[in-house]
Amino acid sequence: MSIQKPKGTQDLLPGEIEKWQYIENKARELCSRFNYREIRTPIFENTELFQRGVGETTDIVEKEMYTFIDKGDRSMSLRPEGTAGVVRAYVENKLYGEPDVSKLYYIGPMFRYEQPQAGRYRQFHQFGIEAFGAVDPSIDAEVIALGYTFYKELGLKDVTVEINSVGNPACRAVYREKIQQFFAPVKDKLCKDCQSRYDRNPMRILDCKIDQKYGEGAPTILEYLDEECTVHFQAVQDHLNAMEIPIRINPRLVRGLDYYTHTAFEYKAAGIGAIDTIGGGGRYNGLVGQIGGNDQPGVGLGLGMERILLVLQAQGVDIPTAPPLDVYLIGLGETAEREVTKLLQQLRVAGLKAEKDYLGRKMKAQMKSADRYHASFVAILGDDELARGEITVKTMATGEQQTLSLEQFVAAMQKQKAL
Ligand code: HAM
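Not measured: the values here are computed from a predicted model.

## Description of the nonpolar core
Among the nonpolar cores identified, the biggest contains 48 residues, and F50, V87, F132, F183 and L206 are the most heavily contacted of them. Counting residues per element, the ones that place at least two in this core are helix 2 (47–53), helix 3 (59–63), helix 4 (83–92), strand 5 (102–111), strand 6 (123–132), helix 6 (169–183), helix 7 (192–200) and helix 10 (287–290). Per-element accounting of this core gives the leading share, six residues, to helix 4. Setting aside its immediate chain neighbours within four residues, L206 contacts Y175, I179, F183, A218, R252 and V254. I139, A141, Y151 and V161 belong to the second-largest nonpolar core, a separate cluster that totals 46 residues.

## Side note on helix 13 (residues 363–372)
Taken residue by residue, helix 13 has Q366, M367, S369 and A370 as its buried positions. For helix 13, the angular spread of the buried residues around the axis is 155°, confining them to a single face. With respect to the buried face of helix 13, the exposed residues turned more than 90 degrees away are K364, K368 and R372. Summarising the contacts, the buried residues of helix 13 are in contact with strand 12 (327–332), strand 14 (377–382) and strand 15 (390–395). H374, located one to two residues past helix 13, shows a positive phi value of around 55°.

## A few points about the site of the ligand
By nearness alone, 26 residues border the ligand, and E81, R112, E114, E130 and Y260 come closest of all. A distance of 2.6 Å separates a nitrogen atom of the ligand from a polar atom in the side chain of E81. A distance of 2.9 Å separates an oxygen atom of the ligand from a polar side-chain atom of R255. Out of a free accessible area of 660 Å², the ligand has 96% covered by protein chains. Listing elements by their share of the shell around the ligand, those giving two or more residues are strand 6, strand 10 (277–283) and strand 11 (298–304). Looking at which element gives the most residues to the shell around the ligand, the answer is strand 10, with six residues. Of the residues contributing to the shell around the ligand, the split by class is eight nonpolar, 11 polar and seven charged.

## Regarding a negative patch on the surface
On the surface, E334, E337, D383 and D384 cluster together into a patch of negative charge. Within the secondary structure, E337 is located in helix 12 (residues 334–349). Since its relative accessible area comes to 46%, E337 is described here as partly exposed.

## Details of the packing of aromatic side chains
Applying the stated criterion to the full structure yields 15 aromatic pairs. Centroid distance Y90 to Y96: 5.2 Å. Interplanar angle 90°. Geometry classified as edge-to-face. Among the residues examined, Y90 registers a relative accessible area of 0% and is labelled buried. Owing to a relative accessible area of 25%, Y96 belongs among the partly exposed residues under this scheme. A centroid spacing of 4.9 Å and a plane angle of 65° characterise the contact between F127 and F150, whose relative ring orientation is edge-to-face. Here the residue F127 occupies a position in strand 6, and F150 occupies one in helix 5 (residues 137–154), the gap between them amounting to 23 residues. F150 shares its class with F127; the two are buried. Ring pairing ties together the aromatic residues Y90, Y96, F132, Y259, Y260 and Y284, which thus form one cluster.

## Details of the UniProt feature "binding site: L-histidine" (unreviewed entry) in the protein chain
According to UniProt, the feature "binding site: L-histidine" (unreviewed entry) maps to E81, G82, T83, R112, Q126, E130, R255, Y259 and Y260 in the numbering used here. Among the residues just listed, G82 line the second largest cavity. Topologically, Q126 is positioned in strand 6. With sequence-adjacent residues up to four places away left out, Q126 is seen in contact with E81, G82, Y106, I107, G108, M110, R112, G302, L303 and M305. Inspection of the secondary structure puts E130 in strand 6. Of the residues examined, E130 reaches a relative accessible area of 1% and is grouped as buried. In this view, E130 contacts Y36, T83, V86, S102, K103, L104, Y106, Y284, V299, G300 and L301; residues no more than four positions away in its chain are not counted. In terms of polar contacts, E130 uses its side chain to reach the side chain of Y106, at 2.7 Å.

## Things to note about the layout of surface pockets
Looking at the second largest pocket, its volume works out to about 480 Å³. Every residue lining the second largest pocket is counted, 26 residues in all, and those nearest its centre are R172, N201, M203, D258 and Y260. Only helix 2, helix 6 and helix 10 provide two or more residues apiece to the lining of the second largest pocket. Counting residues per element, the lining of the second largest pocket draws most heavily on helix 6, at four residues. Class assignment for the residues of the lining of the second largest pocket results in 11 nonpolar, eight polar and seven charged.

## Comments concerning empty space enclosed by the protein
Here the structure, examined in full by the defined rule, presents two cavities of 30 Å³ or more. Forming the boundary of the largest cavity are N164, Y175, M203, L206, I221, P251, R252, L253 and V254. Taken together, the residues of the lining of the largest cavity break down into seven nonpolar, one polar and one charged. The space that makes up the second largest cavity amounts to roughly 40 Å³. Every residue lining the second largest cavity is listed: I39, R40, T41, R79, G82, V86, Y106 and M110. Tallied by class, the residues present in the lining of the second largest cavity amount to four nonpolar, two polar and two charged.

Rules behind the numbers
- All residue numbers here refer to positions counted from 1 along the written sequence of the relevant chain.
- Per-residue local features of the predicted model are confined to residues with pLDDT of at least 70, and side-chain atom pairs are confined, for both listing and counting, to 80 or more; whole-chain, interface and lining totals are unaffected and use all residues.
- Only hydrogens and water are set aside; all other atoms, that is, all heavy atoms of the structure, feed into the side-chain values.
- Note on terminology: a nonpolar core comprises buried Ala, Val, Leu, Ile, Met, Phe, Trp, Tyr and Cys residues joined through side-chain atoms within 4.5 Å.
- Each residue is assigned to one of three classes by its accessible area relative to the maximum for its type, calculated with a 1.4 Å probe on protein chains only: buried under 20%, partly exposed between the two thresholds, exposed over 50%.
- Helix and strand assignments come from DSSP, with helices taken as H or I runs of at least 4 residues and strands as E runs of at least 2, each series counted from the N terminus.
- Contacts between residues were defined by any pair of non-hydrogen atoms, one from each residue, lying within 4.5 Å.
- Within this analysis, the arc is defined by the directions that extend from the helix axis to the C-beta atoms.
- It suffices for a single heavy atom of a residue to lie within 4 Å of a molecule or strand for the residue to be listed as near it.
- Pairs of N or O atoms are called polar contacts if they sit within 3.5 Å, as long as, within protein, a hydrogen donor faces a hydrogen acceptor (for residues adjacent in sequence, only side-chain-to-side-chain pairs).
- Only the protein chains shown count as cover for residues, and all accessible areas are computed by the Shrake-Rupley method using a 1.4 Å probe.
- Residues are grouped as follows: Ala, Val, Leu, Ile, Met, Phe, Trp, Tyr, Cys and Pro are nonpolar; Asp, Glu, Lys and Arg are charged; all remaining types, including Gly, are polar.
- The patch calculation keeps residues exceeding 30% relative accessible area without a salt bridge and links them within 9 Å when they carry like charges or within 5 Å when they are nonpolar (Val, Leu, Ile, Met, Phe, Trp, Tyr).
- Salt bridge, as used here, is a side-chain nitrogen of Lys or Arg placed within 4 Å of a carboxyl oxygen of Asp or Glu.
- Positive charge is attributed to Lys and Arg, negative charge to Asp and Glu, and no charge count is given to His or to the chain ends.
- Taken as the charge centre is NZ of Lys, CZ of Arg, CG of Asp or CD of Glu, depending on the residue.
- Only the six-membered ring of Trp is used, alongside the rings of Phe and Tyr, when aromatic pairs are assigned; centres must lie within 6.5 Å, and planes under 30 degrees apart are stacked while those over 60 apart are edge-to-face, with the rest tilted.
- UniProt positions are given in the numbering used here, feature names are shortened, and annotations may be inferred rather than shown by experiment.
- Buriedness of a pocket was judged along seven lines, with at least five required to meet protein on both sides within 12 Å; pockets are open sets of points on a 1 Å grid over the protein atoms alone, cavities are sets where a 1.4 Å probe fits but cannot get out, and lining residues have an atom within 4 Å of a point.
- Grid points are joined across faces, edges and corners, and a volume is the space filled by probe spheres set on the points.

This is the structure we're talking about:
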């Protein structure tokens with residue numbers, strides 16, 4: 001039996017890959033406008049990084065990591081998300097204050113052992129940004145605005161931004177107790193996961209689809225924010241309003257990762273079935289210290305690329321695919337074929353997208369290929385024409401044919417492309 005790809009992974013094939021390139025180029029170009037610079041960190045890290053960073057009691061670390069012991073007897077894990085690795089690199093390479101606030105972005109694969117379904121994979125890709133060194137609420141707003149602008153410029157419709165504050169450790173400790181008190185009478189009825197969350201991470205019960213009915217009327221974190229957290233949350237909203245980014249406050253928004261403080265947010269879009277979250281992020285003021293650095297604040301986001309593509313498809317939004325060929329070259333006869341190799345190289349060096357036949361096929365089959373590549377021009381060179389120093393060029397859109405001198409050919413094609 002032939003070998004197949006692992007469950008929950010995808011081959012990204014020509015035809016589809018152009019859409020990925022388009023989205024990735026948009027991400028890079030947008031980051032440049034917002035003054036974020038790229039960082040690339042390893043796909044695998046010491047397992048301890050994610051235990052300390054993402055949190056021991058999260059689903060991601062408890063159940064979803066691809067963890068293995070390497071030949072040196074170390075526990076390694078494929079990265080389930082991007083933030084922990086970027087924080088580690090920031091600390092290890094002492095990027096503090098370069099030049100003042102470090103604004104970084106990344107694009108790459110992440111791995112989670114989840115039950116695959118539409119929009120949920122075991123290997124998926126995130127575009128993420130992280131900004132270190134500023135507590136100012138304007139940077140929380142900037143991060144949220146960057147994600148929103150990204151979706152907008154790609155053409156996604158009806159994207160909602162939900163925001164919440166998860167407070168600081170002090171207000172969270174108070175809220176944690178309130179939540180435990182609230183769920184105490186129904187503790188035995190909660191699902192198995194939530195029974196263990198009750199002691200370890202009770203806020204996560206609010207996020208459970210199964211126990212939703214027990215969460216109705218639960219106190220919200222916003223009722224327990226202290227002065228500092230309230231002021232910060234209000235300022236983030238003020239900045240977003242000034243930027244005309246539409247937001248919806250969702251006091252029940254709890255993220256699946258432990259490192260958040262203050263701002264937490266998610267982007268939602270309809271169209272991909274049960275899963276409607278297409279991206280999320282927030283502030284993480286204690287994380288750099290937890291990973292072993294001097295305690296710099298941070299804020300960032302992660303957007304799932306597969307989910308963007310699914311929403312674009314569901315909403316019928318077209319994005320540009322491969323640019324067509326400029327010239328398809330056909331050589332008829334032995335000498336002409338050699339000349340074609342030379343002309344092809346000249347066209348490509350001159351900046352044109354050019355192709356020829358490699359299978360010794362007849363003229364008709366080659367014309368079909370030219371059609372399939374959506375070539376703008378087909379250039380035909382026979383031995384007789386070569387002897388006369390000429391080449392026939394057919395404009396595919398109109399069917400019109402012209403004879404050009406071989407000497408002018410490359411320059412003429414270049415001129416056409418520039419039109
Ligand atoms: P996250 O909410 O776990 O956050 O993931 C961010 C996004 O990654 C999700 O909204 C979704 O689009 C995509 N995603 C997550 N899991 C899967 C999956 N199994 N299949 C397909 N797509 C998926 C984080 O990862 C944080 N690191 C975000 C962040 C950055 N917070 C601060 N900085």
